[in-house]
Amino acid sequence: MTVAVSPTLPYAIKYRKHGRIVCLGKICRNDDGELIFGVPYKGRPFRTPSLPLPVYLHLLAAGVRWWIIRFDDQRKAYRIELARVDRVATIGTDGELTVPLRMFEACPYPEWPYAVRSVLIR
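Residues numbered from 1 in each chain as written. Predicted model: local features only at pLDDT ≥ 70, side-chain atom pairs only at ≥ 80, totals over all residues. Heavy atoms only, no water.

(A) Focus on the sheet that holds strand β2 (residues 20-29). The 7 strands lie next to each other as β9-β6-β5-β3-β2-β1-β10, forming an open sheet whose pairing is mixed. Looking at which strands have only one partner, the edges of the open sheet turn out to be β9 (105-107) and β10 (117-121). Across the sheet, the axes of successive neighbouring strands diverge by a mean angle of 35 degrees, strand direction being ignored. Strand direction decides the pairing type here: strand β1 (residues 11-17) and β2, joined by 7 bridges, are antiparallel. Paired with Arg16 across the bridge in β2 is Ile21. Sheet strands touched by helix α1 (residues 53-62): β1, β2, β3 (35-41) and β10. Its angle to β1, the strand with the most contacts, is close to 160 degrees. (Pairing = 2+ DSSP bridges. Helix = DSSP H or I, 4+ residues; strand = E, 2+ residues; numbered from the N terminus. Axes fitted to C-alpha atoms, helices over the stretch in contact; angles between N-to-C directions. Contact = heavy atoms within 4.5 Å.)

(B) Layout of unusual backbone geometry. At the junction of Leu9 and Pro10, the peptide bond is cis and its omega measures out at -10 degrees in the coordinates. Among the structural elements, Pro10 can be located in the segment before β1. Of note in the backbone geometry, Arg75 takes a positive phi value of approximately 55 degrees without being a glycine. You can see Arg75 is positioned in the loop between β5 (66-71) and β6 (76-81).

(C) The arrangement of the pattern of salt bridges in detail. By the definition in use, this model includes 6 salt bridges. Between Glu96 and Lys17 there is a salt bridge, with the nearest N and O atoms lying 3.1 Å from each other. Of this pair, Glu96 sits in the loop between β7 (90-91) and β8 (97-98) while Lys17 sits in strand β1, and the two are 79 residues apart along the sequence. For Glu81, the salt bridge is made with Arg65, and the minimal N-O distance between the two is 3.1 Å. Here Glu81, found in strand β6, pairs with Arg65, found in the loop between α1 and β5; they are 16 residues apart in sequence, far enough to count as distant. (Salt bridge = Lys/Arg side-chain N within 4 Å of Asp/Glu carboxyl O.)

(D) Quick peek at the nonpolar core. The biggest cluster of nonpolar side chains holds 29 residues, and the ones touching the most others in it are Ile27, Phe37, Leu59, Trp67 and Val85. If sequence neighbours within four positions are ignored, Phe37 has contacts with Ile13, Leu24, Gly25, Lys26, Ile27, Leu51, Leu59, Val64, Trp66, Trp67 and Ile68. Within the second largest apolar cluster, 7 residues are counted, among which are Trp66, Ile68, Cys107 and Trp112. (Core = buried A, V, L, I, M, F, W, Y, C linked by side-chain atoms within 4.5 Å. Buried < 20%, exposed > 50% of the residue type's maximum accessible area, 1.4 Å probe, protein only.)

(E) Structural view of the pairing of β3. Along β3, 6 of the 7 residues are buried, which leaves the element largely enclosed by surrounding structure. Between the antiparallel neighbours β2 and β3 lie 5 residues, among them Gly33 with a positive phi of about 90 degrees. Judged from the 6 bridges that link them, β3 and β5 form a sheet pairing that is parallel. Bridge assignment links Tyr41 to a residue of β5, and that residue is Phe71.

If you want it as structure tokens, here you go:
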């Protein structure tokens, strides 16, 4: 697999699921300058967080440190170090790396910039 990482931040991560292209989240910098993968939940049902393996590998190659789940309606957020994901994840029925929310830690609610660019991970 070849990984091409966009040098221009922020950018959205898209992936083909169930025959359609979906936006999974975005890569941007947090207040400390670290790269994060942000996934907002607002107006959609919450399911156990998961990442397709090609997306996970892209995030690692891009240097992303944190995977942050943000619940916009409650203004709450949780994070996990991306490097821990392969140690705590199980493989879901869809083949994705699934991480129970209890493995994430509470963190300050992040504000992140709007992404106008996207990368489709195959």
